[in-house]
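Report on the structure
As a plain string of letters, each chain reads:
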Amino acid sequence: SARSNVSAVIKTDGTLWAWGLGTSGQLGQGNTTNRSSPVQVGDLTDWSEINSSGNEVLALKTNGTLWAWGRGGQGSLGLGDTVNRSSPVQVGSATNWTQFEVGSGCAGAINSAGELWTWGIGNVGGTGHNNATNVSCPVQVGSLTDWSKLRTRRWGFHAIKTDGTLWAWGRN
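Read on for an overview of the structure. Bear in mind that the values here come from a model prediction, so they are computed numbers and not experimental data.

**Points about the sheet that holds strand β2 (residues 16-20)**
Spatial strand order, β1-β2-β3: 3 strands in an open sheet with antiparallel pairing. One side of each edge strand has no neighbouring strand; the edge strands of this open sheet are β1 (6-10) and β3 (35-40). Shown here is a sheet whose adjacent strand axes are inclined to one another by a mean of 15°, direction ignored. Here β1 runs beside β2; their pairing, made up of 5 bridges, is antiparallel. Following the sheet pairing, Val6 is matched in β2 by Gly20.

Set out below in structure tokens:
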């Protein structure tokens, strides 16, 4: 994953590495230090996917848990608050996440049941919850269970259902 402020990779041995701007803790080192070369995030070897907005970082482990760190403004980390985190923290207790996406100020994930959950900045309807409210923890979008893919950049989402239809919401 490479976005404006941070790059992060998962090696074939399951370790997670990051480098770039660390001012919001987005390098996962327990500090806010910038790094010009890759540094390992913890010592775990069970990371499977990584995605960052440049300020917020989400990563999926092989056991289906979702982890977040970096800038927490507007609840964008999904941890129930707006605090920056400089080390990975698990998002909720679910162990069935299959796909996720993080954008500037918002994030979302799809679980193995096909449910779509989003959180973060909602001032332009970006979370898809039919309001303009920021959400600091995962909230299900509707009650449908046929979501298959999710993408975001800033303040909104594009999602594809299993029937191939494309849905969009947020800042136009």
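The rest of the description comes next.
**So, the side chain of Ser52**
Relative to the elements of secondary structure, Ser52 occurs in strand β4 (residues 47-52). Owing to a relative accessible area of 0%, Ser52 belongs among the buried residues under this scheme. In this structure Ser52 touches Ser1, Arg3, Val6, Val57 and Val102, once residues within four positions along its chain are discounted.

**Some points on the packing of aromatic side chains**
Tallying each qualifying case throughout the model produces 6 aromatic pairs. Measuring from centroid to centroid gives 6.0 Å for Trp47 and Trp69, while their planes differ by 65°, and the two rings are edge-to-face. Placement of the pair is Trp47 in strand β4 and Trp69 in strand β6 (residues 66-70), with a sequence separation of 22 residues. An identical accessibility class is assigned to Trp47 and Trp69; each is buried. On the basis of an interplanar angle of 75° and a centroid distance of 6.2 Å, the ring pair of Trp147 and Trp167 is categorised as edge-to-face. One end of the pair, Trp147, is in strand β12 (residues 147-152); the other, Trp167, is in strand β14 (residues 166-170), with 20 residues separating them in the sequence. On the accessibility criterion, Trp147 (8% relative accessible area) is buried. You can call Trp167 partly exposed: its relative accessible area is 40%. Following the ring pairs from residue to residue traces out a cluster consisting of Trp147, Phe157, Trp167 and Trp169. Across the ring face of Trp47, the terminal group of Lys61 is positioned such that the distance to the ring centre comes to 4.9 Å. One cation-aromatic arrangement involves Lys161 over Trp147; the distance from NZ or CZ to the ring centre is 5.0 Å.

**Digging into the pattern of salt bridges**
The tally for this structure, following the rule as stated, stands at 3 salt bridges. The salt bridge partner of Arg71 is Glu56, with a shortest N-O separation of 2.8 Å. Remark: Glu56 occurs in strand β5 (residues 56-61) and Arg71 occurs in the loop between β6 and β7 (85-90); sequence separation between them is 15 residues. Among the salt bridges present, the one from Asp81 reaches Arg85, with a minimum N-O distance of 2.3 Å. Given the relative accessible area of 23%, Asp81 is considered partly exposed.

**Things to note about the nonpolar core**
Counting residues in hydrophobic clusters, the biggest one holds 14 residues, and the most contacted among them are Leu58, Leu66, Val91, Phe100, Ala109 and Trp119. Elements that contribute at least two residues to this core include exactly β5, β6, β8 (97-103) and β9 (106-111). Among residues more than four places away in sequence, those in contact with Phe100 are Glu49, Ile50, Asn51, Leu58, Ala59, Leu60, Leu66, Gly108 and Ala109. Formed by 12 residues, the second largest nonpolar core is a distinct cluster that contains Val41, Ile50, Val57 and Trp67.

**Some remarks on the pairing of β14**
Relative to β14, strand β13 (residues 156-161) runs antiparallel, the two being bridged by 5 bridges. Bridge pairing in β14 places Gly156 opposite Gly170. The loop that links β13 with its antiparallel partner β14 comprises 4 residues; one of these, Gly164, has a positive phi angle of about 90°.

Rules used throughout
Residues numbered from 1 in each chain as written. Predicted model: local features only at pLDDT ≥ 70, side-chain atom pairs only at ≥ 80, totals over all residues. Heavy atoms only, no water. Pairing = 2+ DSSP bridges. Helix = DSSP H or I, 4+ residues; strand = E, 2+ residues; numbered from the N terminus. Axes fitted to C-alpha atoms, helices over the stretch in contact; angles between N-to-C directions. Buried < 20%, exposed > 50% of the residue type's maximum accessible area, 1.4 Å probe, protein only. Contact = heavy atoms within 4.5 Å. Phe/Tyr/Trp six-rings, centres within 6.5 Å; stacked < 30°, edge-to-face > 60°. Lys NZ or Arg CZ within 6 Å of the ring centre and 35° of its normal. Salt bridge = Lys/Arg side-chain N within 4 Å of Asp/Glu carboxyl O. Core = buried A, V, L, I, M, F, W, Y, C linked by side-chain atoms within 4.5 Å.

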